[in-house]
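A closer look at the structure
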Amino acid sequence: MSDITIQTIGVIGAGVMGSEVAQVFAQAGFDVVLVDTTDEVLDKARQSVDRSLRFQRMLGARRGLAPPPAAARAEVLSRIRFTTELADVAEADFVVENVTEDWDVKRPIYVELDQLCKPHTVFAVNTSCIPITRVGGVTQRPDKIVGAHFMNPVSLKPMVEVIRGYHTSDETVQTMLDMLAAIGKEGVVVADSPGFVSNRVLMLTVNEAAYLVHEGVADATQVDRIFKGCFGHTMGPLETADLIGLDTILLSIQGLFESFADSKYRPCPLLARLVDAGRLGRKSGHGFHDYE
Ligand SMILES: NC(=O)c1ccc[n+]([C@@H]2O[C@H](COP(=O)([O-])OP(=O)(O)OC[C@H]3O[C@@H](n4cnc5c(N)ncnc54)[C@H](O)[C@@H]3O)[C@@H](O)[C@H]2O)c1
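Analysis parameters
Residues numbered from 1 in each chain as written. Predicted model: local features only at pLDDT ≥ 70, side-chain atom pairs only at ≥ 80, totals over all residues. Core = buried A, V, L, I, M, F, W, Y, C linked by C-beta atoms within 7 Å. Buried ≥ 20, exposed ≤ 12 C-beta atoms within 10 Å, placed from the backbone. Helix = DSSP H or I, 4+ residues; strand = E, 2+ residues; numbered from the N terminus. Domains from an automatic or database assignment. Expected span 1.5 Å × (residues − 1). Arc of directions from axis to C-beta. Pairing = 2+ DSSP bridges. Axes fitted to C-alpha atoms, helices over the stretch in contact; angles between N-to-C directions. Contact = placed C-beta atoms within 7 Å. Nonpolar A, V, L, I, M, F, W, Y, C, P; charged D, E, K, R; others polar. Parallel < 35°, antiparallel > 145°, perpendicular 65-115°, else oblique. Left-handed = near helix turned anticlockwise from the far one by under 90°. Near = placed C-beta within 6 Å.

**Considering the nonpolar core**
In terms of nonpolar packing, the biggest core is built from 74 residues, with Val32, Leu34 and Val95 touching the most fellow members. Residue contributions to this core peak at seven residues, all from helix α1 (residues 16-27). Split by domain, the residues of this core number at least three in each of domain 1 (8-191) and domain 2 (199-284).

**Some details on helix α4 (residues 103-116)**
For α4, with 14 residues, the first-to-last C-alpha span of 20 Å sits near the 20 Å given by 1.5 Å per residue. Residues of α4 that are buried include every one of Lys106, Tyr110 and Leu113, and no others. End-on view of α4: buried residues confined to an arc of 70°, all on one side of the axis. Of the exposed residues in α4, the ones pointing more than 90 degrees away from its buried face are Asp104, Pro108, Val111 and Gln115.

**Structural notes on the sheet that holds strand β2 (residues 31-35)**
In space, the eight strands of this open sheet follow the order β3-β2-β1-β4-β5-β6-β7-β8, with mixed pairing throughout. Two strands in the sheet have a free side with no partner beyond their single neighbour: β3 (80-83) and β8 (186-191). The average undirected angle you get between the axes of adjacent strands in this sheet is 25°. The pairing of strand β1 (residues 8-12) with strand β4 (residues 94-97) spans four bridges and is classified as parallel. Among the inter-strand pairings, isoleucine 12 is bridged to a residue of β4, identified as glutamate 97. Across the sheet, α4 touches β1, β4 and β5 (122-125), and the angle it forms with β4 is around 170°.

**Digging into helix α10 (residues 246-260)**
Spanning 15 residues, α10 covers 21 Å between terminal C-alpha atoms, matching the ideal 21 Å at 1.5 Å per step. Along its buried surface, α10 packs onto α7 (198-214), α9 (237-244) and α11 (269-276). Taken from the residues just after α10, alanine 261 is the one with a positive phi, measuring 45°.

**Some points on unusual backbone geometry**
The step from asparagine 152 to proline 153 runs through a cis peptide bond, and the omega angle for that step is 0°. Mapped onto the elements, proline 153 comes out in the loop between β6 (145-149) and β7 (159-164). Residue phenylalanine 196 is not a glycine yet carries a positive backbone phi of 55°. With respect to the secondary-structure elements, phenylalanine 196 resides in the loop between β8 and α7. By C-beta crowding, phenylalanine 196 is classed as buried, having 22 other C-beta atoms within 10 Å. With phi around 45°, alanine 261 is a residue other than glycine that occupies positive phi space. Judged by local crowding, alanine 261 falls into the exposed class, with 7 C-beta atoms found within 10 Å.

**Topic: the domain arrangement of the protein**
We note that the domain assignment places domain 1 (8-191) and domain 2 (199-284) within the protein. Taking only C-alpha atoms into account, the centre of domain 1 sits 25 Å from that of domain 2. With seven residues of domain 1 at the contact, the number on the domain 2 side is 10 residues. For the side of domain 1 that touches domain 2, the per-class residue count stands at three nonpolar, two polar and two charged.

**A few points about the packing of α10 against α11**
At their nearest, the axes of α10 and α11 sit 9 Å apart, and the two run at 140° to each other. Compared by their axis directions, α10 and α11 come out oblique. Relative to α11, the crossing made by α10 is left-handed. Along its contact with α10, which presents Leu246, Asp247, Ile249 and Leu250, the element α11 presents Leu271, Ala272, Leu274 and Val275. Looking at the contact of α10 with α11, its residues break down into seven nonpolar, no polar and one charged.

**Thoughts on the site of the ligand**
Taken together, 26 residues form the shell around the ligand, and within it Gly13, Gly15, Glu101, Ser128 and Asn152 come nearest. Listed by contribution, the elements that provide at least two residues to the shell around the ligand are α1 and α4. When residues of the shell around the ligand are assigned to their parent elements, the largest contribution, three residues, is made by α1. For the shell around the ligand, the class distribution of residues is 11 nonpolar, 13 polar and two charged. Taken together, domain 1 (8-191) and domain 2 (199-284) each give at least three residues to the shell around the ligand, which thus spans both.

Next up, the structure:
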């Protein structure tokens with residue numbers, strides 16, 4: 001266990017994942033600095049955190065649990081500082097990065113964070129498929145870089161896939177597990193490999209499900225019904241894809257295709273077509289299914 005007290009968390013990227021990561025740390029009593037590129041995105045993130053807290057309140061009431069009062073909601077929101085300045089995370093003792101699943105976007109952020117942040121600060125990489133060792137390689141602190149593959153929706157999922165990069169130290173892995181425990185989550189620690197465990201399997205499944213629709217074997221509703229009705233899954237693979245975001249799915253499967261140079265990861269053309277058409281899944285209101 002590290003002897004550094006962690007109070008301020010930097011959260012980079014305020015999209016689907018980053019906004020909820022900020023929320024769960026603020027709910028656990030940490031001060032959070034949430035960074036994204038525009039005020040519009042940050043306003044949306046603020047609304048989405050508020051919505052998620054209201055939802056938890058409803059869920060708690062329905063389950064007979066005492067719902068957090070409105071004042072507690074305001075307090076959680078007041079612990080999050082929304083900013084477009086990356087430099088504002090300089091004070092953070094622990095950073096969770098959740099920007100777009102694109103190495104060209106993530107890379108310069110790590111180079112800058114490495115210069116901005118205190119030497120002891122650990123960087124947790126929330127990525128679907130990008131190797132953690134590659135991230136460590138662009139910083140001067142590869143021992144303090146660890147993968148934290150949070151599950152979506154972050155506030156409801158108790159488990160996180162923790163990835164140990166080539167240089168990640170035992171102390172950093174322990175800090176990561178301690179931080180997860182502080183937000184009521186557990187980590188499963190695995191070795192570094194593109195897609196890790198979860199997405200190496202999940203992305204292939206989603207991609208193959210997309211091919212079935214692309215080839216006219218079944219429509220999206222039929223594919224999902226088979227997984228729910230026959231296998232007892234709570235969501236079908238294409239509903240899961242819509243929840244994750246089809247742009248993130250496409251970038252992930254492209255990443256696996258490039259990393260392994262293996263044709264089994266060839267991205268389904270239908271995924272690219274839906275992304276080109278702006279059908280990104282739940283976040284845009286339409287994907288394989290319609291949500292509005
Ligand atoms: N969506 C999921 O279900 C899921 C699950 C686990 C992990 N992830 C991973 O989490 C990461 C984020 O995914 P997401 O679904 O939240 O994506 P998203 O597209 O919803 O959000 C990404 C955010 O990053 C912001 N961003 C881009 N460049 C930036 C920069 N230079 N500085 C600050 N912010 C910047 C964008 O404006 C956007 O708001 C990805 O690496 C993804 O693979 C996603």
